There are 2 protein chains.
Amino acid sequence: MESLSLPIAAPDAAFHQRALARQMQLTKPPGSLGLLESLAVRLAAMQGRDDPQLDNIHISIFAADHGIAAEGVSAFPQAVTAEMVRNFAAGGAAVNVLARHAKAHFEVIDVGLVRGVDLPSVIDQRVGPGTENFKSKPAMTQQQLQAALTAGAAAVQRALANHADAFIGGEMGIANTTSASAIAAALLDEQVTAITGAGTGLSHDQISRKAEIIRQALQVHQSALTTPLEVLRHLGGFEIAALTGAYLHAARKRLPVLIDGFICSVAALAAVRINPDCRNWFFYAHRSDEKGHKIVLEALSAEPILDLRMRLGEASGAVLAVPIMQMACRLHNEMTTFTQANITTG
Amino acid sequence: MESLSLPIAAPDAAFHQRALARQMQLTKPPGSLGLLESLAVRLAAMQGRDDPQLDNIHISIFAADHGIAAEGVSAFPQAVTAEMVRNFAAGGAAVNVLARHAKAHFEVIDVGLVRGVDLPSVIDQRVGPGTENFKSKPAMTQQQLQAALTAGAAAVQRALANHADAFIGGEMGIANTTSASAIAAALLDEQVTAITGAGTGLSHDQISRKAEIIRQALQVHQSALTTPLEVLRHLGGFEIAALTGAYLHAARKRLPVLIDGFICSVAALAAVRINPDCRNWFFYAHRSDEKGHKIVLEALSAEPILDLRMRLGEASGAVLAVPIMQMACRLHNEMTTFTQANITTG
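Residues numbered from 1 in each chain as written. Chains lettered and ligands numbered in written order. Predicted model: local features only at pLDDT ≥ 70, side-chain atom pairs only at ≥ 80, totals over all residues. Heavy atoms only, no water.

Trainee: Looking at this model, I keep getting lost on the overall build of chain A. Mind explaining?
Mentor: Broken down by element type, chain A carries 14 helices and six strands. Here the C-alpha radius of gyration of chain A, 20 Å, is about what a compact globule of 346 residues would show, namely 20 Å. Expressed as lengths along the three principal axes of its C-alpha atoms, the size of chain A is roughly 70 × 40 × 40 Å. A buried classification covers 62% of the 346 residues belonging to chain A. Put simply, chain A shows about 12,200 Å² of open surface, and 50% of that area lies on carbon and sulfur atoms. Looking at charge distribution, chain A has the averaged site of its 28 positive side-chain charges lying 1 Å from that of its 31 negative ones. (Helix = DSSP H or I, 4+ residues; strand = E, 2+ residues; numbered from the N terminus. Rg over C-alpha atoms; globule rule 2.2 N^0.38 Å. Buried < 20%, exposed > 50% of the residue type's maximum accessible area, 1.4 Å probe, protein only. Areas by Shrake-Rupley, 256 points an atom, 1.4 Å probe, with all protein chains shown as cover. Lys, Arg positive; Asp, Glu negative; His and termini not counted. Charge placed at Lys NZ, Arg CZ, Asp CG, Glu CD.)

What follows is the structure in structure tokens.
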């Protein structure tokens, strides 16, 4: 895994400067487009072009099951992971609707359902039949962690082959907010109760129980949680590790990334802890309603684009931010300048 | 003006209920699409259809000059109002770029520049050569107020003739945050300094001076500010009054409205004070960075869709919210249900 920590290049400083200068010349009070200005400027620097664009989006949804689901930490039974994978394949889920209207390339990868779904449109990169229950055992082996990280990088390779302008990762896995909350608590050395939330819709008492299970698991694994990779391996989630692998590889390949909600942000946090250079390549699409997201976003110094009280996952928040980023690009590329429009600047 | 206060019908309660029920059946945890759910449900009730849609948007930009500009309350000279109208006509401004990509119908109405621009694409509904300087005089006459309100209603009539799914109003007028801040302070009986902000980019000292000018003007007109219409007339802005007239007429005609930033929200506040029934027909597109917007939004119990630190006006924030609302509609209309997808619900 040594290669994960090799230096990653920064976006292009010359294009960054030119894009900043252009924003000052467009027919609007300087700064009045707010976050849209920095989105366009950052994208220009990442893409190394004066006219940033976001027309060709690649969406990879990683699905996997979680041993910790046996503890009753989700409002939905484990069978729903595979059922939702079938729903993705049939085109009926939220992310399908959003992906169609964003004209994005969409794919689903099974990185470890309990049982495979045998559908031609689902990419089979199964790492195992779900993770172990991390209440008492490490969620995965070294080999499984490596395979999950590699599955993520492979998705980015497909995005690059399709000449994508940006990469979006998403996740599906019943009980994966439990895994993500445990990882976040371990990486941030934060109180479990401050991070653990309702997931798909737990009651107050159920959330307390979920937090207590995570607290106990962190005690069990405490001495082993010595590196971000060991945190991922013990508290796991094949799909979370795949996202971390994808984000690291995208940054290395200069492919801009839109990070979705809580679980994806935890995967991004793991990526940043593995290699801080990767953070320059990330956009944070939205602030989720899941309790721990705020803390994770703050740890990442992230300024999310949207805040719509969503808590769905499956990349839905990231795809919703696409039209906002597209508009930021078009404003940057198509607005006239003060000089062209003969406007008095004071 | 008596007709402005006649009762306005509410959106359709039966369609509202049906849309709520459908949201509970879609393949996602209930409530997990957050604000998108209520956007779709409200729009279904307004449009009286099970499949709400927002494909056909009508954008009207009202432009006018302000006598108060003589007090040096803007970072830009008054000539910029007309120069920006020419920029709108030439297609180079931010709202042009956004309108093109939203495939919206776009029009500009001169409701009172100092001098008309004589461009065929600019609708001439001039109420006067700019308002009077409200530091000492009422901004407009009764006849001018009526003409401005009527110009707004006429824009909504054009939107209805084009079978628009929603109406967006925008504004251009150097010094119009001064007018809007004065109106907001008067309607909300709020401290001027709590509302007055940087507009197009004033320094701290310039903002203090602007607030002092507004405070003095409110003292001059105090005894005359007895109704929302008299507030509009004295503290003016032909374009602000036109927006108020448009919003009231749209609500009466059951046409959903997307409210832009600070100035449009002040026009909406005036509309709600004139006739509280109209509020059911409004969506608030974004929270602007202009200081007073937060207070005005709170007074309207508004939950804005976007918060991007924008402060441009010209309807730009409202048009940016269109793709989010379109996605909300498509999710509502196109997602599959739990039953259709055979998904276990617990």
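Trainee: Teacher, can you tell me more about the packing of aromatic side chains here?
Mentor: Between two aromatic rings, the relevant description is the distance of the centres plus the angle of the planes. Residue and element names in this part refer to chain B. The final tally for this structure, using the stated rule, is seven aromatic pairs over all chains. Note on Phe282 and Tyr284: the rings are 6.5 Å apart at their centroids and 85 degrees apart in plane angle, and the pair reads as edge-to-face. One exposure class covers both Phe282 and Tyr284, and it is buried. In this structure an aromatic cluster arises from ring pairing among Tyr247, Phe282 and Tyr284. (Phe/Tyr/Trp six-rings, centres within 6.5 Å; stacked < 30°, edge-to-face > 60°.)

Trainee: Looking at this structure, how should I read the interface of chain A and chain B?
Mentor: It is common to report an interface's size as the accessible area lost on association of the parts. On the side of chain B, 51 residues touch chain A, which itself brings 51 residues to the contact. Broken down residue by residue, the surface that chain A buries against chain B is led by Leu308, Arg309 and Met327 of chain A, which jointly contribute 13%. Across the contact surface, chain A and chain B share four salt bridges. One salt bridge in this structure joins Glu334 of chain A and Arg100 of chain B, with 3.2 Å as the shortest N-O distance. Listing elements by their share of the side of chain A that touches chain B, those giving two or more residues are α2 (35-47), α3 (79-90), α4 (94-101), α13 (316-334) and α14 (338-341) of chain A. (Contact = heavy atoms within 4.5 Å. Buried area = accessible area lost by both parts, 1.4 Å probe. Salt bridge = Lys/Arg side-chain N within 4 Å of Asp/Glu carboxyl O.)

Trainee: Explanation requested: the relation of the copies chain A and chain B in the structure shown.
Mentor: Of the transformation superimposing chain A on chain B, the axial component is 0.0 Å and the angular component is 180 degrees, with the fit at an RMSD of 0.0 Å. What the superposition gives is, in effect, a two-fold axis relating one chain to the other. (Least-squares fit on C-alpha atoms with pLDDT ≥ 70 in both.)

Trainee: Would you explain the packing of helix α6 (residues 176-188) of chain A against helix α11 (residues 262-274) of chain A in this entry?
Mentor: To describe two helices that pack against each other, one gives the angle between their axes and the distance between the axes. All names here are of chain A. Between α6 and α11, the shortest axis-to-axis distance is 9 Å and the interhelical angle comes to 35 degrees. For α6 against α11, the interelement crossing comes out left-handed. In this structure, α6 uses Asn176, Thr177, Ala180, Ser181, Ile183, Ala184, Leu187 and Leu188 to contact α11, whose residues at the interface are Phe262, Ile263, Val266, Leu269, Ala270 and Arg273. Of the residues in the contact of α6 with α11, the class split is ten nonpolar, three polar and one charged. (Axes fitted to C-alpha atoms, helices over the stretch in contact; angles between N-to-C directions. Left-handed = near helix turned anticlockwise from the far one by under 90°. Nonpolar A, V, L, I, M, F, W, Y, C, P; charged D, E, K, R; others polar.)

Trainee: I'm lost on the pairing of strand β2 (residues 105-112) of chain A in this one. Help?
Mentor: Within a regular strand, the side chains alternate between the two sheet faces. Residue and element names in this part refer to chain A. Summarising burial for β2: six of the eight residues are buried, a large majority. Both strand β1 (residues 57-64) and β2 contribute to a ladder of seven bridges, which runs parallel. Paired with Ser60 across the strands is Glu107, a residue of β2. (Pairing = 2+ DSSP bridges.)

Trainee: Mind showing me how you'd approach the sheet that holds strand β4 (residues 166-172) of chain B here?
Mentor: Within a sheet, adjacent strands bond to each other through the backbone by hydrogen bonds, running parallel or antiparallel. Residue and element names in this part refer to chain B. In spatial order, the strands read β3-β2-β1-β4-β5-β6; together these six strands make up an open sheet with parallel pairing. The open sheet has two edge strands with one neighbour each: β3 (122-124) and β6 (282-284). Between one strand and the next, the sheet's axes are offset by a mean angle of 30 degrees, whatever the strand orientation. Contacts from helix α13 (residues 316-334) reach β1 (57-64), β4, β5 (257-259) and β6, with the element oriented near 125 degrees to β5.

Trainee: Honestly, the pattern of salt bridges in this entry has me stumped. Any pointers?
Mentor: Oppositely charged side chains may form a pair once their charged atoms are brought near each other. Residues and elements named next belong to chain A. Under the criterion given, the structure shown has 28 salt bridges over all chains. The salt bridge involving Arg330 is made with Asp55; its shortest N-O contact spans 3.7 Å. With Arg330 in helix α13 and Asp55 in the loop between α2 and β1, this residue pair connects regions lying 275 residues apart in the sequence. A relative accessible area of 23% places Arg330 in the partly exposed class.

Trainee: Sorry if this is basic, but what is going on with the sheet that holds strand β4 (residues 166-172) of chain A here?
Mentor: Residues and elements named next belong to chain A. The strand order β3-β2-β1-β4-β5-β6 describes an open sheet built from six strands, whose pairing is parallel. If you trace the sheet from one side to the other, it starts and ends with β3 (122-124) and β6 (282-284), each paired once. Across this sheet, the average inter-strand angle for adjacent strands is 30 degrees, counted without regard to direction. Both β1 and β4 contribute to a ladder of seven bridges, which runs parallel. Pairing of Ala63 across the sheet is with Met172, part of β4. Against the sheet, α13 contacts β1, β4, β5 (257-259) and β6, and its axis sits at roughly 125 degrees relative to β5.

Trainee: Before we go on, may I ask you to explain α4 of chain A in this structure?
Mentor: Of all eight residues that make up α4 of chain A, six are buried, and the element is covered over most of its length. Along α4 of chain A, the residues that are buried comprise Ala94, Val95, Asn96, Val97, Leu98 and Ala99 of chain A. Elements that come into contact with the buried residues of α4 of chain A comprise β1, α3, β2 and α13 of chain A together with α13 of chain B. Backbone geometry just after α4 of chain A places Lys103 of chain A at a positive phi near 50 degrees.

Trainee: It is not clear to me how the nonpolar core should be interpreted in this structure. Could you clarify?
Mentor: Note that soluble globular proteins tend to have their nonpolar side chains buried in a common cluster. Counting residues in each nonpolar core, the largest one holds 264 residues, and the members touching the most others are Tyr247 and Phe282 of chain A together with Tyr247 and Phe282 of chain B. Beyond its immediate stretch of four places on either side in the chain, Phe282 of chain A contacts Arg42, Met46, Tyr247, Val257, Ile259, Ala268, Ala271 and Val272 of chain A. (Core = buried A, V, L, I, M, F, W, Y, C linked by side-chain atoms within 4.5 Å.)

Trainee: Could you clarify how one ought to interpret unusual backbone geometry in this entry?
Mentor: Most peptide bonds adopt trans geometry, and most residues besides glycine take a negative phi value. The phi dihedral of His163 of chain A is positive, around 55 degrees, even though this residue is not glycine. Summarising the element assignment, His163 of chain A is placed in the loop between α5 (142-161) and β4. On the accessibility criterion, His163 of chain A (63% relative accessible area) is exposed. Even without glycine at this site, Arg309 of chain B takes up a positive phi of about 60 degrees. Mapped onto the secondary structure, Arg309 of chain B falls in the loop between α12 (293-299) and α13.

Trainee: Would you take a moment to explain the environment of Ala159 of chain A for this structure?
Mentor: Residues and elements named next belong to chain A. Looking at the secondary structure, you find Ala159 in helix α5. You can call Ala159 buried: its relative accessible area is 0%. Linking Ala159 and Ser60, residues 99 residues apart in sequence, is a C-alpha distance of 8.8 Å. If we ignore the near neighbours within four places in the chain, the residues touching Ala159 are His58, Ala164, Phe167 and Leu255.

Trainee: Sorry, what's going on with the side chain of Thr177 of chain B here?
Mentor: Mapped onto the elements of the fold, Thr177 of chain B is located in helix α6 (residues 176-188). Looking at Thr177 of chain B, the relative accessible area reads 14%, which means it is buried.

Trainee: What exactly am I supposed to notice about the environment of Ile59 of chain A here?
Mentor: All names here are of chain A. Assignment of secondary structure puts Ile59 in strand β1. With relative accessibility at 0%, the residue Ile59 sits in the buried group. In this structure the C-alpha to C-alpha distance between Ile59 and Leu113, which are 54 residues apart in sequence, comes to 19 Å. Setting aside its immediate chain neighbours within four residues, Ile59 contacts Val95, Ala99, Ala104, His105, Phe106, Glu107, Ile168, Ala315 and Val319.

In short, shape yes, function no, at least from these values alone.
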